[in-house]
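Structural features, examined
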Amino acid sequence: LFRHGISPAGLLRLSFAPDALTGFEAGSAGYVGRIRAPGRTMRELDATVFSSFVRGGVELRGEWARMAHAEVLGRNEYITRGWYLLGSYRPRGRWKPLRPYLLIDHLTVARGEQYLSDVHDQDAWSAGVRWDVASKMAVKTEFRSQLFQSPQHRHFIRIELAFAF
């Protein structure tokens, strides 16, 4: 099966949302599979824990994740970890189409990991506004900044256009 480029994978997600706390959800998820990295195949085992609270115009979200890549026929294992916190608010009245937000995220990429060779450690924050132009279209603009000095240290402004269908 693996010799023909097919890689079976599994995903399990468990969560709960108690009636006594309207808008709250927490849970975890796990993924197992195989990936191709330059010159080898690796096992992947991911785990995540998440929580969210959405009520009225308030949205609070957070997630912690761990990604493990291990050589199928070797001893090396590469562990990448990350987390994020997001807070946003949707005003009422004529400002309802706007949703300002603040995002803080952290990512530590395993050294020597070839599959993620173009991904760099992150310690960043972003602030932006999402504008729901229509029921199936949104424009998002944000300012993002790294919190530590590195060759990848940068500040930038991003504008995105999103469609739902």
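Structure: see above.
Residues numbered from 1 in each chain as written. Predicted model: local features only at pLDDT ≥ 70, side-chain atom pairs only at ≥ 80, totals over all residues. Heavy atoms only, no water.

1. Concerning a nonpolar patch on the surface
A grouping of V49, W64, W83, L85, L102 and I104 is seen on the molecular surface, where their side chains present a nonpolar patch of about 530 Å² in accessible area. At the level of elements, β5 (77-89) and β6 (98-108) are the ones that each hand at least two residues to the nonpolar patch. Examined against the element boundaries, L85 turns out to sit in strand β5. By relative accessible area, L85 is classed as partly exposed at 47%. (Patch = residues over 30% accessible without salt bridge, like charges linked within 9 Å, V, L, I, M, F, W, Y side chains within 5 Å. Areas by Shrake-Rupley, 256 points an atom, 1.4 Å probe, with all protein chains shown as cover. Salt bridge = Lys/Arg side-chain N within 4 Å of Asp/Glu carboxyl O. Helix = DSSP H or I, 4+ residues; strand = E, 2+ residues; numbered from the N terminus. Buried < 20%, exposed > 50% of the residue type's maximum accessible area, 1.4 Å probe, protein only.)

2. Describing the pairing of strand β7 (residues 122-134)
Pairing geometry for β6 and β7, over 10 bridges, is antiparallel. Note that in β7 the partner of R99 across the bridge is R130. Here β7 hands over to strand β8 (residues 137-146) after 2 residues, the two strands then running antiparallel side by side. (Pairing = 2+ DSSP bridges.)

3. Comments concerning the pattern of salt bridges
Enumeration over the complete set of coordinates arrives at 10 salt bridges. Its salt-bridge partner being R61, residue E59 comes within 2.4 Å of it at the nearest N-O pair. For R61, a relative accessible area of 32% puts it in the partly exposed group. Across the salt bridge formed by K140 and E160, the nearest N and O atoms sit 3.9 Å from each other. Note that K140 is positioned in strand β8 and E160 in strand β9 (residues 155-163), a separation of 20 residues in sequence. The class of K140 is partly exposed, set by a relative accessible area of 28%. We classify E160 as partly exposed; its relative accessible area is 31%. It is possible to trace a salt-bridge network through shared partners that takes in K140, E142, R158 and E160.

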